Amino acid sequence: MKAVTTQQMLEAGAEIILANTYHLFLQPGHEFVSRHGGLHKMIHWNRPLLTDSGGFQIFSLGHGGVANEIKGKCNCNRPKTLLKIDEGGAHFRSYVDGQRCYLTPEKSIEIQRGLGADLILTLDECTPFHAKKQHTEYSMERSHRWELRSFQEFERHSDGRQALYGIVQGGVYEDLRERSGHFVAEQEFFGQAIGGSLGETKEQMHDVVSMTCQYVCKTRPTHLLGIGGISDILNGVKNGIDTFDCVHPTRLARHGGALAHPDENDRKEYINLKNAQFSEDMRPIDENCSCYCCQNFSRAYIHYLFRAREMLGGQLLTIHNVTFMMRLAREIRSMIRNGNFSEKTHFRLPSQSK
Ligand SMILES: [Zn+2]
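Residues numbered from 1 in each chain as written. Predicted model: local features only at pLDDT ≥ 70, side-chain atom pairs only at ≥ 80, totals over all residues. Heavy atoms only, no water.

A. Looking closely at the domain arrangement of the protein. What the domain assignment reports for the protein is domain 1 (6–245) and domain 2 (252–352). Computed over C-alpha atoms, the centres of domain 1 and domain 2 are 28 Å apart. Between domain 1 and domain 2, the contact holds 17 residues from the first and 18 residues from the second. Taken together, the two surfaces of domain 1 and domain 2 that pack against each other cover about 1,500 Å², and 68% of this comes from carbon and sulfur. Among the residues of domain 1 in contact with domain 2, Ala 12, Ile 230 and Leu 234 are the three that bury the most area, contributing 42% of the side total. Here domain 1 is connected to domain 2 by two residue pairs in polar contact (both at pLDDT 80 or more). Tallied by class, residues from the side of domain 1 that touches domain 2 come to seven nonpolar, six polar and four charged. (Domains from an automatic or database assignment. Contact = heavy atoms within 4.5 Å. Buried area = accessible area lost by both parts, 1.4 Å probe. Polar contact = N/O pair within 3.5 Å; in protein donor to acceptor, adjacent residues only side chain to side chain. Nonpolar A, V, L, I, M, F, W, Y, C, P; charged D, E, K, R; others polar.)

B. View of the environment of Leu 83. Position of Leu 83 among the secondary structure elements: in strand E3 (residues 82–85). When its relative accessible area of 35% is taken as the criterion, Leu 83 is described as partly exposed. The spacing of Leu 83 and Asp 242 is 159 residues in sequence and 35 Å in space, taken between C-alpha atoms. Contact partners of Leu 83, with chain neighbours within four places excluded, come to His 91, Phe 92, Arg 93 and Arg 100. (Helix = DSSP H or I, 4+ residues; strand = E, 2+ residues; numbered from the N terminus. Buried < 20%, exposed > 50% of the residue type's maximum accessible area, 1.4 Å probe, protein only.)

C. Local environment of the coordination of the zinc ion. At the metal site, the zinc ion is ligated by Cys 289 (SG), Cys 291 (SG), Cys 294 (SG) and His 320 (ND1), and these contacts range over 2.1 to 2.3 Å. Mapping the donors of the zinc ion onto the primary sequence gives the spacing C-x1-C-x2-C-x25-H. Judged on exposure class, the residue Cys 289 and its partner Cys 294 are both buried. (Donors = N, O, S within 2.8 Å, 3.2 Å for Na, K, Ca; no water.)

Below, the structure written as structure tokens:
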């Protein structure tokens, strides 16, 4: 969220927020959050909160850009902070002060208990897309053992206020996804998340999600980790995904990108307001959008804010992008209720409704 308050998120229609365990663990620390009475109190949010296990960041930052690799882009210039993974957990160096840290499944649950989110995740090991099948299988089996340990630690202290999600691993390999899907379904998790490598391209990602969804427990909520493009969400919903999380809408906003509905031939899902073409454009970003930004400000004004490096630009675009995503989700839910959800025909529908 970075640029906005929880009150602004509430006004944009948000119903749940995700907080990063890894970043909060390193700074300011879960004990600090605990002393505030938990995340809900500290950030002034009395609706649902979800925390991840911290694993994804350790592996993605640690390997030097696996986050990008998992989403199909290779970026190996980052310093590596992951020191060693063993059966117990992951040894890594803090990017804040260089200290050595050790994240185990038990520690991840302890941190998430301290943070106090409503929905929490088991620790898993994330493998990059270029990992060979043998490596992916070995890592999936370790993830399963870590998930059992996470569950045991969760049960030991559970007072019913938090619910735990298991994670389905297995990379791009169907037999592994099937095994992992069944393994997670056999445990008494509240919900399940789909994690790990989804392939190298958008098309492959859609195929892996669709293939994996066949093997998850249909009566539990299913979350797709770290995915937030419009077409990716529509594809996920088609396959039965219930919830998504992604930095995309808010990160894009801070870099001048406003989510918009692409025209028929354009697959790009946003416009970049830093572009000179918007310098005299007096229209709102989207005339059908009810957000504070579109109701009151022009594209040209926001273009100027970014040109002048005013932080208000990122704030206004964050409000628009979150409002956009919430409206998309409402439209999708309404189409599902009416029995007319289709990935293609309704792609442009949200912009036509108020
Ligand atoms: Zn708007």
